[in-house]
Amino acid sequence: MYAVIATGGKQYRVSEGTVVRVEKLDVDAGATVEFNQVLLIGEGVDVAIGRPYVTGASVTATVQALVWMRP
């Protein structure tokens, strides 16, 4: 199963076990974050597309580390 979420003005394709670098997320390492802006959920040939978001869908993630980048 995979999903496309929106956060920080960008869209990300995620699935269980993937690591994604997300910008503009103000939380500590080890924190759990829930993303409610789910644009699409797919599993095989079954796909649910939101209008704009999939009703009742969310993606939960754990922050592994904070990375600071210089402008």
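Residues numbered from 1 in each chain as written. Predicted model: local features only at pLDDT ≥ 70, side-chain atom pairs only at ≥ 80, totals over all residues. Heavy atoms only, no water.

Student: Before we go on, may I ask you to explain the sheet that holds strand β2 (residues 10-15) in this structure?
Tutor: Two orientations exist for strands paired in a sheet by backbone hydrogen bonds: parallel and antiparallel. Taken together, four strands build an open sheet; the order of strands is β2-β1-β4-β5 and the sheet is antiparallel. Each edge of the open sheet is held by one strand with a lone partner, namely β2 and β5 (46-49). Between one strand and the next, the sheet's axes are offset by a mean angle of 15°, whatever the strand orientation. With four bridges connecting them, strand β1 (residues 2-7) and strand β4 (residues 38-43) associate as antiparallel partners. Along β4, the bridge assignment pairs Val-4 with Leu-40. (Pairing = 2+ DSSP bridges. Helix = DSSP H or I, 4+ residues; strand = E, 2+ residues; numbered from the N terminus. Axes fitted to C-alpha atoms, helices over the stretch in contact; angles between N-to-C directions.)

Student: Looking at this structure, I do not really get the nonpolar core. What am I missing?
Tutor: Among soluble globular proteins, nonpolar side chains are generally buried collectively. Of all hydrophobic cores here, the largest spans 11 residues; its members are Ala-3, Ile-5, Tyr-12, Val-14, Val-33, Phe-35, Val-38, Val-54, Ala-57, Val-59 and Val-63. Mapped by element, the contributors of at least two residues to this core are β1, β2 and β3 (32-35). Look past the residues within four positions of Val-33 in its chain and what remains in contact with it is Leu-25, Val-27, Val-59, Thr-60, Ala-61 and Val-63. (Core = buried A, V, L, I, M, F, W, Y, C linked by side-chain atoms within 4.5 Å. Buried < 20%, exposed > 50% of the residue type's maximum accessible area, 1.4 Å probe, protein only. Contact = heavy atoms within 4.5 Å.)

Student: In this structure, what is going on with unusual backbone geometry? I would like to understand it.
Tutor: Leaving glycine aside, a negative phi is the common case for residues, and trans is the common case for peptide bonds. In this model, Arg-51 is joined to Pro-52 through a cis peptide bond whose omega is 0°. Within the secondary structure, Pro-52 sits in the loop between β5 and β6 (59-62). Positive phi outside glycine occurs at Lys-24, with the angle close to 60°. Mapped onto the elements, Lys-24 comes out in the loop between β2 and β3.

Student: Would you take a moment to explain the environment of Gly-8 for this structure?
Tutor: Among the secondary structure elements, Gly-8 is positioned in the loop between β1 and β2. Residue Gly-8 is classed as partly exposed on the basis of its relative accessible area, which comes to 27%. Along the chain, Gly-8 and Leu-25 lie 17 residues apart, while their C-alpha atoms are 7.3 Å from each other. Setting aside its immediate chain neighbours within four residues, Gly-8 contacts Glu-23 and Lys-24.

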